[in-house]
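Breakdown of the fold
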Amino acid sequence: MRADPMRLLRMVSWTSMMLLPFIASAQIAPQPLPRPDAVRPDPVPPASPAAPLPDEAADCLARLKRQKVRFNVTGRSERGSCSVDNTVEIEAVDTPFGLVSFPDKPVLACDFAATLTSFVQDIAAPLARARFSAPLSHVATGPGYVCRNRNNQSDTKPSEHARAAAADVTMFTLGDGRQIAVHPDDGKDDAATLAFIRGLRHAACGYFTTVLGPGSNAEHGNHFHFDTALHGRTANYRICE
């Protein structure tokens, strides 16, 4: 019995039509989607101190008054390319051992001024009385707010002085006129002076995030540098040298 040629042709055509989509899908491999162009973030401008909210500024000034700090409100202070809100000029602070004045009248951000004067009240004044049997009378700090880069170098980041959040303490004067200068240990200081300077340096790490002084580097050989810079992502990390 011979097969019908026309029937065979129709079967082949029908089979080809049914298999065509599968053959095509097997021959044309799916192509991956093109990768999007890399998205580059906009450059981040240099950080600058955020202006405190009105309530925050008022709260800080009220805190200084509660601490019995004598100060002048200087508000928004602009120097060169620097600008800092809610600054104050510190004149003196009352302590349990008498009034301690700041003859340089440093201009400081209010928050930093509160920290510095707390350090003098809690640590410097009591320690001076304990070590020298005399009250602390004056603390030399320099101007505080200075619009400059770190270590006065043109290629470094802005100093905390440019944010009015730093002070350079060079001298402590006692009520009897004695002066305690911050300087490298040359073996000539008596035991009370060494204990006073070392005690201040160690205790300062509980108040400030940066504490530098003699031995840290050449730039800080004759003073203590205190600031409240943020090191890393939190305020827990401190540089105490």
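Before going further, it helps to examine the packing of aromatic side chains. Applying the stated criterion to the full structure yields eight aromatic pairs. Ring geometry for Phe-112 and Phe-208: centres 5.8 Å apart, planes at 45°, overall tilted. Of this pair, Phe-112 sits in helix α3 (residues 110-132) while Phe-208 sits in the loop between α4 (191-204) and β9 (210-212); the two residues are 96 residues apart in sequence, bridging distant segments of the chain. Ring centres 5.3 Å apart and planes at 70° place the aromatic pair Phe-132 and Phe-196 in the edge-to-face group. You can see Phe-132 sitting in helix α3 and its partner Phe-196 sitting in helix α4, a full 64 residues away along the chain. A relative accessible area of 7% means that Phe-132 is categorised as buried.

Moving on: the environment of Ala-92. Tracing the backbone through its elements, the reader meets Ala-92 in strand β2 (residues 82-95). On the accessibility criterion, Ala-92 (5% relative accessible area) is buried. Placed 10 residues apart in sequence, Ala-92 and Phe-102 show a C-alpha to C-alpha distance of 5.5 Å. Setting aside its immediate chain neighbours within four residues, Ala-92 contacts Lys-68, Val-69, Arg-70, Leu-99, Val-100, Ser-101 and Phe-102.

The rules behind each value
Residues numbered from 1 in each chain as written. Predicted model: local features only at pLDDT ≥ 70, side-chain atom pairs only at ≥ 80, totals over all residues. Heavy atoms only, no water. Phe/Tyr/Trp six-rings, centres within 6.5 Å; stacked < 30°, edge-to-face > 60°. Helix = DSSP H or I, 4+ residues; strand = E, 2+ residues; numbered from the N terminus. Buried < 20%, exposed > 50% of the residue type's maximum accessible area, 1.4 Å probe, protein only. Contact = heavy atoms within 4.5 Å.

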